[in-house]
Amino acid sequence: MKQEIFGLPLEELQALLAELGMKRFRAAQVYDWLYRKGVFDFDAMTNLGKSERERLAASLTVLPWEIGVLRRLDSSDGLTSKLLLRLTDGNTIETVLMHHDYGYSVCVSSQAGCDMHCAFCASGLNGAVRNLTLAEIVAQVYFFNAVLFPRGERVSRVVVMGSGKPMLNFDNVFGALQFLHRPDTANMSYRNMTVSTCGIIPGMERMARLGLPISLAVSLHAVRPELRTELMPVNKAYPFPAVLQAAEAYAAASGRQVTYEYILLAGKNDSETDARLLAEYMRYKHASVNLIPVNPVPEKGFFRPAPRQIDRFLRILERNHVTATVRKEMGQDINAACGQLRAAYAKQEEPTCL
């Protein structure tokens with residue numbers, strides 16, 4: 001059986017190639033092809049001899065070469081691209097590339113599916129199948145880097161906000177981020193990385209102990225306890241006040257401002273009362289609020305508020321000295337919200353009962 005090498009540190013690749021009877025410097029050449037050029041086919045690594053390329057192909061595999069692209073959707077404005085990928089075991093995941101005025105960011109998934117069952121989210125429609133490996137997380141960035149590199153561009157930011165819960169796959173998620181930080185791979189700054197959580201407090205505490213200046217985003221979506229539990233069952237295990245305390249501890253330990261994500265659902269959590277309650281909790285915190293008008297998920301029956309209602313909610317926060325923004329919408333015409341494309345594909349693949 002061939003050994004997978006994508007995501008291995010250079011030192012491990014050197015040892016592996018030595019076992020194949022190859023010089024140590026060949027590992028650095030392979031590394032350059034993989035992580036600086038985005039080339040995943042050994043035959044295309046032209047500064048290696050033919051016999052060496054054949055030896056590599058006979059013994060090793062490179063994950064992005066093995067993963068299949070099932071769907072690619074590009075937004076009409078050309079700023080967002082979404083891939084539905086089939087992993088080697090047949091599971092599917094989504095990843096999204098966004099072009100901003102400051103460069104390119106990729107939103108990656110951390111699990112195949114999700115077990116949190118948030119009421120408004122398509123990711124959890126069929127539950128979580130498994131955690132993604134470190135290599136599968138890194139590969140989502142490199143699918144896009146392979147396209148950007150020939151143009152002299154690259155992904156400079158990563159957000160772990162796709163399908164799944166990063167704190168429930170802690171080792172692989174943070175291992176992937178540390179791998180992307182390496183100077184001989186993506187050389188990506190920790191300050192350009194963001195990890196999202198629905199409030200898994202042990203993971204937030206563990207993140208603080210790492211001592212890395214990675215940004216934390218907390219999915220909030222309601223501050224009334226009964227409503228947050230309705231929308232996010234995880235609130236039963238990790239109530240919002242305790243989540244807020246853990247997030248503030250992370251802000252103090254890391255020096256990074258915490259972002260609170262708040263999906264606005266028409267007639268559900270978008271009232272003036274909700275805005276004032278949110279402002280009370282957020283005031284004087286080292287934090288900002290990111291308001292997200294919901295991308296409707298047909299299976300869930302939620303709708304986005306009218307623009308005037310969104311603006312009213314925002315103004316209440318601002319009047320109470322809470323830093324808040326409304327998320328710039330990208331990829332709405334391609335179902336860029338996490339889980340939507342995967343859910344649509346799964347429904348299409350369901351057998352028809354006769």
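Structure: above.
How each quantity is defined
- Residues numbered from 1 in each chain as written.
- Predicted model: local features only at pLDDT ≥ 70, side-chain atom pairs only at ≥ 80, totals over all residues.
- Heavy atoms only, no water.
- Core = buried A, V, L, I, M, F, W, Y, C linked by side-chain atoms within 4.5 Å.
- Buried < 20%, exposed > 50% of the residue type's maximum accessible area, 1.4 Å probe, protein only.
- Helix = DSSP H or I, 4+ residues; strand = E, 2+ residues; numbered from the N terminus.
- Contact = heavy atoms within 4.5 Å.
- Expected span 1.5 Å × (residues − 1).
- Bend = angle between axes of the 7 residues up to and from the residue.
- Axes fitted to C-alpha atoms, helices over the stretch in contact; angles between N-to-C directions.
- Parallel < 35°, antiparallel > 145°, perpendicular 65-115°, else oblique.
- Left-handed = near helix turned anticlockwise from the far one by under 90°.
- Pairing = 2+ DSSP bridges.

Some points on the nonpolar core
- Ranked by size, the top nonpolar core spans 112 residues in total, and within it I5, F6, Y142 and I214 carry the most contacts.
- Broken down by element, the residue count for this core peaks at 9 residues, all from helix α5 (residues 134–148).
- In contact with F6, other than residues within four places in its own chain, are Y35, F40, T61, V62, L63, P64, A135, V138, A139 and Y142.

Thoughts on α5
- With 15 residues, α5 extends 22 Å from end C-alpha to end C-alpha; this agrees with the ideal 21 Å at 1.5 Å per step.
- Along its length, α5 reaches its greatest deviation from straightness, about 30°, at Q140.
- In terms of residue burial, α5 counts as a mostly covered element, since 12 of its 15 residues are buried.

Description of the packing of helix α10 (residues 272–282) against helix α11 (residues 307–319)
- For the pair α10 and α11, the least separation of the axes is 9 Å and the interaxial angle reads 30°. By the angle between their axes, α10 is roughly parallel relative to α11. Once α10 is placed against α11, the crossing between them reads as right-handed. From α10, E272, D274, A275, R276, L278 and A279 reach across to α11, where they touch R312, F313, I316 and L317.

Overview of the sheet that holds strand β12 (residues 258–264)
- Taken in spatial order, the 10 strands of this open sheet run β3-β4-β5-β6-β9-β10-β11-β12-β13-β14, and their pairing is mixed. The open sheet has two free edges, formed respectively by β3 (68–74) and β14 (324–326), since each of these has just one partner strand. When the angles between neighbouring strand axes are averaged without regard to direction, this sheet yields 20°.
- The strands that helix α9 (residues 240–254) touches are β11 (215–219) and β12; relative to β12, the one it contacts most, it runs at about 145°.
- Each of β12, β13 (287–293) and β14 is contacted by α11, which is oriented at about 165° to β14, the strand it contacts most.

Thoughts on the pairing of strand β4 (residues 80–86)
- The buried count for β4 comes to 6 of 7 residues, which makes it a mostly enclosed element.
- Hairpin connection from β3 to β4: 5 residues lie between these consecutive antiparallel strands, with G78 at a positive phi of about 75°.
- Examined bridge by bridge, β4 and strand β5 (residues 92–100) share 7 bridges and lie antiparallel to one another. By the bridge assignment, L84 is partnered in β5 with E94.
- Between the antiparallel neighbours β4 and β5 lie 5 residues, among them G90 with a positive phi of about 95°.

Focus on unusual backbone geometry
- Positive phi, close to 70°, is recorded for Y284, a residue that is not glycine.
- One can find Y284 in the loop between α10 and β13.
- Y284 sits in the exposed class, given a relative accessible area of 76%.
- Phi at H321 is positive, roughly 65°, even though this residue is not glycine.

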